[in-house]
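These are the residues of each chain, in order.
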Amino acid sequence: QVQLVESGGGLVQAGGSLRLSCAASGRTFSSYVMGWFRQAPGKEREFVAAIRRGAGMSYYSDSVRGRFTISRDNAKNTVFLQMNSLKPEDTAVYYCAGSANGILSTTANEYADWGQGTQVTVSS
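Report on the accompanying structure. (Residues numbered from 1 in each chain as written. Predicted model: local features only at pLDDT ≥ 70, side-chain atom pairs only at ≥ 80, totals over all residues. Heavy atoms only, no water.)

### What about the environment of Asp113?
Note the cut-off: Helix and strand assignments come from DSSP, with helices taken as H or I runs of at least 4 residues and strands as E runs of at least 2, each series counted from the N terminus. Working definition: with a 1.4 Å probe on protein chains only, accessible area under 20% of the residue-type maximum means buried, over 50% means exposed, and in between means partly exposed. Pairs of residues are marked as contacts when any of their non-hydrogen atoms sit within 4.5 Å.
With respect to the helices and strands, the residue Asp113 is situated in strand 10 (residues 113-114). Here Asp113 falls in the buried class, since its relative accessible area comes to 7%. As for Asp113 and Met34, which are separated by 79 residues in sequence, their C-alpha atoms are 9.5 Å apart. Apart from residues no more than four positions distant in its own chain, Asp113 is found in contact with Gln1, Val2, Leu4, Tyr32, Cys96, Ala97 and Gly98.

### Side note on the pairing of strand 9 (residues 92-99)
As a reminder, the rule being used: Two strands are said to pair when DSSP picks up at least two bridges between them.
Across the 8 residues that make up strand 9, a large majority, 7, are buried. In the sheet, strand 4 (residues 33-39) pairs with strand 9 via 7 bridges, with the strands oriented antiparallel. Pairing of Arg38 across the sheet is with Tyr94, part of strand 9.

### Describing the sheet that holds strand 3 (residues 18-25)
Threshold: Every angle, taken between N-to-C directions, lies between 0 and 180 degrees, and every axis is a line fitted to C-alpha atoms, over only the stretch in contact when it is a helix.
As summarised here, the arrangement of the 4 strands in space is 1-3-8-7, forming an open sheet in which the pairing is antiparallel. Looking at which strands have only one partner, the edges of the open sheet turn out to be strand 1 (3-7) and strand 7 (68-73). In this sheet, neighbouring strand axes are inclined to one another by 15° on average, regardless of whether the strands run parallel or antiparallel. Alignment of strand 7 against strand 8 (residues 78-83), held across 6 bridges, turns out to be antiparallel. Residue pairing across strands places Phe68 opposite Met83, the latter belonging to strand 8.

Functional significance is not addressed by these values, which are geometric in nature.
Structural data, given as C-alpha cells:
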C-alpha cells in the first residue's frame, strides 16, 4: 500500500499549462502502476492517463492524448501529469491512484490507493 498526496492544481486560462505532482510514501512505489483520474461536478470519475512501473509505458484517454503527458521519477517516489493546451472542459478534481496488480488499466476499481485530489479550473 502507498499513501498519495497530489499538488499543483489551480486556476489557469484556456490554452495554459499546469503540472500536477503526486508524492507517494512506501517502499513499493516503483513496482506500482500509477494513474490519474478526474471528476467534474455532476459527472463520474474518468480515466486520464496511466504509466507502468519500470519501462514507463503509458496510456491516455482520447480527450487528453497529445496534450497531457504522464511521467514518473521512481527515485523521488513521484508521478507527474503535465497538462498543456488546457480547455475549460478539463476543469475537474484530479486524483492520483496506484495499483499493485501490474495492469495498465483505465478502470478506477483496478486502483486500490488514492490521493485526496487537487482542483484544476480552466477559465475560458
